[in-house]
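Letter by letter, the chains look like this.
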Amino acid sequence: MSAFDTFMDKAKDVYDVASKKTGELVEVSKLKMECVKVNNEIKKLYEKLGSCVYSMMKANYDNKDVVDGLVEEIDENLAKLSVLNQKLSDIKNVVICKACGAKNPEANYFCSKCGSRIKNEFNNADVQ
């Protein structure tokens, strides 16, 4: 194999790695934008819930269905946000602590925020 062939092989390898990293960066950016949108929607729903409860209290009126509907919407958005954060974690090689929700490097066995065990020391599997 000539020096030029070796150079071309290495250049191809570099291109493949850069291409993969660029794809990951694009995916991370898309997921972060979606997280921002969902967080904004959650914030609006919290404000709407607070305004609704305030108005009902001032008018001495109780409508549990309205409150339940808003709480359900908030819960759906929180679940959506959790899925998005898990996808981000999978791409970034981080582990989310099941106890407190903090992001930790994949190599950690214990959460850097709360100290809970996040990996089993014997088989590196996530602790359930």
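My aim in this report is to walk through the structure given alongside it, one point at a time.

Rules used in this analysis
Residues numbered from 1 in each chain as written. Predicted model: local features only at pLDDT ≥ 70, side-chain atom pairs only at ≥ 80, totals over all residues. Heavy atoms only, no water. Helix = DSSP H or I, 4+ residues; strand = E, 2+ residues; numbered from the N terminus. Buried < 20%, exposed > 50% of the residue type's maximum accessible area, 1.4 Å probe, protein only. Contact = heavy atoms within 4.5 Å. Core = buried A, V, L, I, M, F, W, Y, C linked by side-chain atoms within 4.5 Å. Patch = residues over 30% accessible without salt bridge, like charges linked within 9 Å, V, L, I, M, F, W, Y side chains within 5 Å. Areas by Shrake-Rupley, 256 points an atom, 1.4 Å probe, with all protein chains shown as cover. Salt bridge = Lys/Arg side-chain N within 4 Å of Asp/Glu carboxyl O. Lys, Arg positive; Asp, Glu negative; His and termini not counted. Charge placed at Lys NZ, Arg CZ, Asp CG, Glu CD. Disulfide = S-S within 2.5 Å. Expected span 1.5 Å × (residues − 1).

### Some thoughts on the overall build of the protein chain
A tally of regular secondary structure across the protein chain gives two helices and two strands. Mapped in sequence order, the helices and strands of the protein chain form the string α-α-β-β. The proportion of buried residues among the 128 residues of the protein chain is 20%. For the protein chain, restricting intrachain contacts to residue pairs at least 6 apart in sequence, the fraction spanning at least 24 positions comes to 36%.

### Section: the nonpolar core
As a rule of thumb, soluble globular proteins bury nonpolar side chains together. Residues V28, L31, C35, V38, I42, L81, L84 and L88 constitute the largest nonpolar core, which totals eight residues. Broken down by secondary-structure element, the contributors of at least two residues to this core are α1 (3–58) and α2 (64–92). Per-element tally for this core: the top contributor is α1, with five residues. Setting aside anything within four residues of it in sequence, one finds L31 in contact with L84, K87, L88 and I91. Counting seven residues, the second-largest nonpolar core is a separate cluster that includes L45, C52, M56 and L70.

### A short note on the environment of M56
In this structure, M56 sits in helix α1. What M56 contacts, discounting residues up to four positions off in sequence, is Y61, D62, N63 and V67.

### Regarding a negative patch on the surface
Together, E41, E72, E73, D75 and E76 give the surface a local cluster of negative charge. Here the negative patch takes four residues from α2, the largest share from any one element. You can see E73 is positioned in helix α2.

### A few points about the state of the cysteines
Two cysteines whose sulfur atoms are joined by a covalent bond form what is called a disulfide. Enumeration over the complete set of coordinates arrives at zero disulfides. With no disulfide of its own, C111 has C100 as its nearest cysteine by sulfur position, at a separation of 3.6 Å. Under the relative-accessibility criterion, C111 is labelled buried at 6%.

### Comments concerning a nonpolar patch on the surface
A cluster of nonpolar side chains, namely F4, F7 and M8, defines an oily patch on the protein surface of about 350 Å² accessible area. By secondary structure assignment, the location of F7 is in helix α1. For F7, a relative accessible area of 53% gives the class exposed.

### Section: unusual backbone geometry
Despite not being glycine, N60 shows a phi value in the positive range, around 55°. Its place among the elements puts N60 in the loop between α1 and α2.

### Focus on α2
Here α2 contains 29 residues, and its C-alpha end-to-end distance of 42 Å stays within 8% of the 42 Å for a straight helix at 1.5 Å per residue. Buried within α2 we find V67, L70, I74, N77, L81, L84, L88 and S89. A positive phi of about 60° marks N93, the residue just after α2.

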